[in-house]
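If you want the building blocks of each chain, they are given just below.
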Amino acid sequence: MYIQWFPGHMTKAVRMMKDNVAICDALIYVVDSRAVLSSINPVLEELTLGKPVLYVFNKSDLVQDRELKDWCARFDMEGRRYVTTVGTVAEQKHIIEGIKSLVAPMLLKYSQKGATKSIRVMVIGVPNSGKSTLINSMRKKASAQTGDRPGVTKGKQWLSLDKQIDLLDTPGTLWGKFENQEIARHLAYIGSIKDDVLDVEGLAVEFINEFKEKAPSAFLDRYGVDIANIDAHEAFLKIAEKRGFKIKGGEIDYNRCAKTILDDFRKGKLGKIMLEKAFDDKEEKSRLVIKRKESETKPLDK
Ligand SMILES: Nc1nc2c(ncn2[C@@H]2O[C@H](COP(=O)(O)OP(=O)(O)OP(=O)(O)O)[C@@H](O)[C@H]2O)c(=O)[nH]1
Ligand SMILES: [Mg+2]
């Protein structure tokens, strides 16, 4: 199975973001706590160079606190500013405080000059990471459209947070080619890639394969099937059988079974499963280590 998804609206979105980044003073980078590494889009990383960035570990309700703390420690080491949150919760004071502290020198400069200009903050991230939900929660108004699928936001939308800050909601974006298919699969598991372009049955078997040893109790608790010592495909069939997923004639309903497993994971019904650990000795995964001291960053070459 080879995963790829870069539809036309994303090409347009990246162009729009490159055009708008110059007029923005800071960025909020919304990442999915279950897949922090995969949420870091190389194109967006380039976009953020030279700008203050606040990373938001969103969907923190879907991971274990101690595993998220490891990511916080790693971001501390890399000099990245971050907050953790559950985007669906109405109060997001800590994010508002986080962004205001990031742009404090600009706010001070504007107020000393008596300017009424507000600070512009672009909200970016992979599809379905919760950008629009977070904006709505910060503003305590459901103005931005949200949904439990990728590609809900298609264009840009400016929304004011208060007199000092304006937020720019952007469409979730991926990048042209996934060199690393493990990253592509993780993005598919978390719902950043449209199911229509995926072989969901193959993906569900891959998911079982990856987690049958790392989280066997998740499958046992949810489906009553012990899969620790069996092949992933066999495990998939056992789950389908146990749940009675059949089509007319008694044949197994592979599609329904696959969608159920993926949906259960996405909604947290399989428990708190972290897809990517902060400290992994695989060489490939160390690519995220970029020292982001503001003085070392360069503006984007447009
Ligand atoms: N469990 C959980 N769900 C969340 C959280 N934040 C957002 N969601 C859900 O995630 C889904 C996606 O939210 P959106 O705000 O539409 O995501 P988006 O990043 O704007 O998506 P695109 O516009 O498609 O890029 C929705 O079903 C939200 O309810 C969170 O912290 N925890
Ligand atoms: Mg959106």
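Residues numbered from 1 in each chain as written. Chains lettered and ligands numbered in written order. Predicted model: local features only at pLDDT ≥ 70, side-chain atom pairs only at ≥ 80, totals over all residues.

**Quick look at the overall build of the protein**
Move 1: Counting secondary structure elements, the protein contains twelve helices and six strands.
Move 2: Taken against the 2.2 N^0.38 rule, which gives 19 Å for 302 residues, the C-alpha radius of gyration of the protein at 20 Å falls within 12% of a compact globule.
Move 3: Principal-axis analysis of the C-alpha atoms gives the protein an extent of 75 × 40 × 35 Å.
Move 4: Buried residues in the protein amount to 36% of all 302 residues.
Move 5: Partitioning the contacts of the protein with sequence separation of at least 6, the portion at a separation of at least 24 is 71%. (Helix = DSSP H or I, 4+ residues; strand = E, 2+ residues; numbered from the N terminus. Rg over C-alpha atoms; globule rule 2.2 N^0.38 Å. Buried ≥ 20, exposed ≤ 12 C-beta atoms within 10 Å, placed from the backbone. Contact = placed C-beta atoms within 7 Å.)

**A few points about the sheet that holds strand S5 (residues 157–160)**
Strands in a sheet are paired, the pairing made by backbone hydrogen bonds, and the direction either parallel or antiparallel.
Move 1: Pairing is mixed across the open sheet formed by six strands, whose spatial order is S3-S2-S1-S4-S6-S5. Pairing within the sheet leaves two strands with one partner each, and these edge strands are strand S3 (81–84) and S5. Neighbour-to-neighbour, the strand axes of the sheet open up by a mean angle of 25°, direction not taken into account.
Move 2: As judged from the six bridges shared by strand S1 (residues 26–32) and strand S2 (residues 53–58), these two strands associate in the parallel manner. (Pairing = 2+ DSSP bridges. Axes fitted to C-alpha atoms, helices over the stretch in contact; angles between N-to-C directions.)

**Quick word on the site of ligand 1**
Move 1: The immediate surroundings of ligand 1 are formed by 25 residues, with Gly87, Gly130, Thr133, Thr153 and Gly172 found nearest.
Move 2: With three residues, helix H7 (residues 131–139) is the single largest residue contributor to the shell around ligand 1.
Move 3: Partitioning the shell around ligand 1 into residue classes produces six nonpolar, 15 polar and four charged. (Near = placed C-beta within 6 Å. Nonpolar A, V, L, I, M, F, W, Y, C, P; charged D, E, K, R; others polar.)

**Quick word on unusual backbone geometry**
Move 1: Phi is positive for Lys59, which is not a glycine, with a value near 60°.
Move 2: The residue Lys59 is located in the loop between S2 and helix H4 (65–77) in this model.
Move 3: Assessed through the 25 C-beta atoms surrounding it within 10 Å, Lys59 is described here as buried.
Move 4: Positive phi outside glycine occurs at Lys140, with the angle close to 55°.
Move 5: Looking at where Lys140 falls in the secondary structure, it is placed in the loop between H7 and S5.
Move 6: Classification of Lys140 as exposed rests on a count of 9 C-beta atoms within 10 Å.

**As for the domain arrangement of the protein**
Move 1: Its domain assignment divides the protein into domain 1 (8–177) and domain 2 (199–266).
Move 2: The distance between the C-alpha centroids of domain 1 and domain 2 comes to 34 Å. (Domains from an automatic or database assignment.)

**Description of the environment of Gly50**
Move 1: Tracing the chain through its elements places Gly50 in the loop between helix H3 (42–48) and S2.
Move 2: The class of Gly50 is partly exposed, set by 13 C-beta atoms lying within 10 Å.
Move 3: Here the alpha-carbon distance between Gly50 and Leu167, two residues 117 residues apart in the chain, equals 19 Å.

**Remarks on the pairing of strand S4 (residues 119–124)**
Move 1: Burial analysis of S4 places five of its six residues in the buried class, which makes it a mostly covered element.
Move 2: As judged from the four bridges shared by S1 and S4, these two strands associate in the parallel manner. Bridging across to S4, Tyr29 finds its partner in Ile124.
Move 3: Strand direction decides the pairing type here: S4 and strand S6 (residues 165–169), joined by five bridges, are parallel. Within the sheet, the bridge partner assigned to Val121 lies in S6 and is Leu167.

**Some words on the pairing of S3**
Move 1: As judged from the four bridges shared by S2 and S3, these two strands associate in the parallel manner. By the bridge assignment for S3, Leu54 is matched with Arg81.
Move 2: Each parallel crossover has a hand, and for S2 linked through H4 to S3 it is right-handed. (Right-handed = clockwise from strand over helix to strand, strands pointing away.)

**A few points about the packing of helix H9 (residues 200–211) against helix H11 (residues 232–243)**
Move 1: Packing of H9 against H11 leaves a shortest axis separation of 8 Å and a crossing angle of 110°. Between H9 and H11, the crossing angle belongs to the class labelled roughly perpendicular. Here H9 and H11 pass one another in a crossing that is right-handed. Here Ala204, Val205, Ile208 and Asn209 of H9 come into contact with H11, specifically with Ala232, His233, Ala235 and Phe236. (Parallel < 35°, antiparallel > 145°, perpendicular 65-115°, else oblique. Left-handed = near helix turned anticlockwise from the far one by under 90°.)

**Details of the packing of H11 against helix H12 (residues 254–266)**
Move 1: Contact pair H11 / H12: the axes reach a minimum separation of 10 Å and the direction vectors enclose 95°. Relative to H12, the element H11 lies roughly perpendicular. Here H11 contributes Phe236, Ile239, Ala240 and Arg243 to the contact with H12, which in turn contributes Cys257, Thr260 and Ile261.
Move 2: Residue classes in the contact of H11 with H12 are distributed as five nonpolar, one polar and one charged.

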